[in-house]
Amino acid sequence: MNPPVLSPASSPGSLLREVARLYTRAQRVVADCCRTTSTQCHLLTELARSGPLPLSELGQRLSLEKSWVSRAVEAMAARGLVTKEPNPSDARSWLVTLTADGVRTVHELNHTLDAHADQLLDRLGERNRAAIENSLLLLLQALRDDQAANCCLPPPEAQDTKDKPSCC
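All of these numbers come straight from a predicted model, not from anything done at the bench.

A. Local environment of unusual backbone geometry. In this structure, Ser63 is a non-glycine residue whose phi angle is positive, near 55 degrees. Tracing the backbone shows Ser63 in the loop between helix H3 (55–62) and helix H4 (66–78). Ser63 gets classed as exposed once you look at its relative accessible area, which sits at 64%.

And the structure:
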């Protein structure tokens, strides 16, 4: 049975959700070739973006349950992708850090996922690809300014955040 097709009259919200759903599904399949689960992929990518993080903050940033994060970190530590050491600034928590193998895995993962994205965009033709890339830049800026997209992330040091309400 074929899935229902969105009509041209579909709302922009439903189109965006469908694109996000299908793209996420495809990226999960592609990430499997790098021997990472979806959760591990998210954790590795976040650690590469931010540097070492306490285990609890890593889970908060990705809106993942502590038990999921803990199991994934243990599995990645067993593979030598991360280290988990006592946090020097909080003796009650663990600090998770990428190892050299973890950094290589993130680079491999990024290369594989970027190649998949390029392959998809190449199907659109040069003119449509340029339009999509421009639209994605606009959407990225809107998401960076969106409170829900940034929920539970530490505020940037450079910005005054005392007047911004927290969502957490």
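That was the structure; now back to the text.
B. The arrangement of the pairing of strand E3 (residues 90–98) in detail. By the bridge criterion, two bridges tie strand E1 (residues 53–54) to E3 in an arrangement that is antiparallel. Directly across from Leu53, in E3, lies its bridge partner Val96. As paired elements, strand E2 (residues 82–87) and E3 share six bridges and run antiparallel to each other. Paired with Glu85 across the bridge in E3 is Leu95. Between the antiparallel neighbours E2 and E3 lie two residues.

C. The packing of aromatic side chains, seen in detail. Summed over the entire model, instances satisfying the criterion amount to zero aromatic pairs. Arg71 extends its terminal NZ or CZ atom over the ring of Trp68, reaching a point 5.7 Å from the ring centre.

D. Summary view of the pattern of salt bridges. For the structure shown, the criterion picks out 10 salt bridges. Glu57 is the salt-bridge partner of Arg61, the closest N and O atoms lying 2.9 Å from each other. Of this pair, Arg61 and Glu57 both sit in helix H3, four residues apart, roughly one helical turn. Relative accessible area serves as the criterion here: at 18%, Arg61 is assigned to the buried category. With a closest N to O distance of 2.1 Å, Asp101 and Arg104 form a salt bridge. Here Asp101 and its partner Arg104 are both found in helix H5 (residues 100–122), three residues apart, which amounts to about one turn of the helix.

E. Region of the structure containing the packing of H3 against H4. Packing of H3 against H4 leaves a shortest axis separation of 9 Å and a crossing angle of 115 degrees. As for the relative orientation of H3 and H4, their crossing is right-handed in sense. Packed against H3, whose contacting residues are Leu55, Leu58 and Gly59, the element H4 presents Val69, Ser70 and Val73 at the interface. When the residues that make up the contact of H3 with H4 are grouped by side-chain class, the tally is four nonpolar, two polar and no charged.

F. Molecular detail of the sheet that holds E1. Taken together, the three strands give an open sheet; going across it, the order is E1-E3-E2, and neighbouring strands pair in antiparallel fashion. Two strands close off the open sheet at either side, each with one partner strand: E1 and E2. The sheet contacts of H4 involve E2 and E3, and relative to E2 the element is tilted by about 120 degrees.

Criteria and thresholds
- Along each chain, residues carry numbers from 1 onward, in the same order as the chain's sequence is written.
- Residue-level local features of this predicted model are given only where pLDDT is at least 70; pairs of side-chain atoms are given and counted only at 80 or more, and the full residue set underlies all totals for whole chains, interfaces and linings.
- As a rule here, side-chain values come from all non-hydrogen atoms in the structure, and water together with hydrogens is ignored.
- Put simply, DSSP marks the helices as runs of H or I at least four residues long and the strands as runs of E at least two long, and each gets a number from the N terminus on.
- Remark: exposure states derive from per-residue accessible area (1.4 Å probe, protein chains only) relative to the maximum for the residue type, with buried under 20%, exposed over 50%, and partly exposed in between.
- Only strands joined by at least two bridges in the DSSP assignment are considered to pair.
- Pairing of aromatic rings covers Phe, Tyr and Trp, the last through its six-membered ring, and needs centres within 6.5 Å; plane angles under 30 degrees mean stacked, over 60 mean edge-to-face, and all others mean tilted.
- Placement of a positive charge over a ring is assigned whenever Lys NZ or Arg CZ falls within 6 Å of the ring centre and within 35 degrees of the normal to the ring plane.
- When a carboxyl oxygen of Asp or Glu lies within 4 Å of a side-chain nitrogen of Lys or Arg, that pair is called a salt bridge.
- Note on method: axes are straight lines fitted to C-alpha atoms, helices fitted across the in-contact stretch only, with angles between N-to-C directions ranging 0 to 180 degrees.
- Crossing handedness: left-handed means the near helix sits turned counterclockwise from the far one by under a right angle, and right-handed means the same turn made clockwise.
- Whether two residues are in contact is decided by their heavy atoms: any pair within 4.5 Å suffices.
- Basically, the charged four are Asp, Glu, Lys and Arg, the nonpolar ten are Ala, Val, Leu, Ile, Met, Phe, Trp, Tyr, Cys and Pro, and anything else, Gly included, counts as polar.

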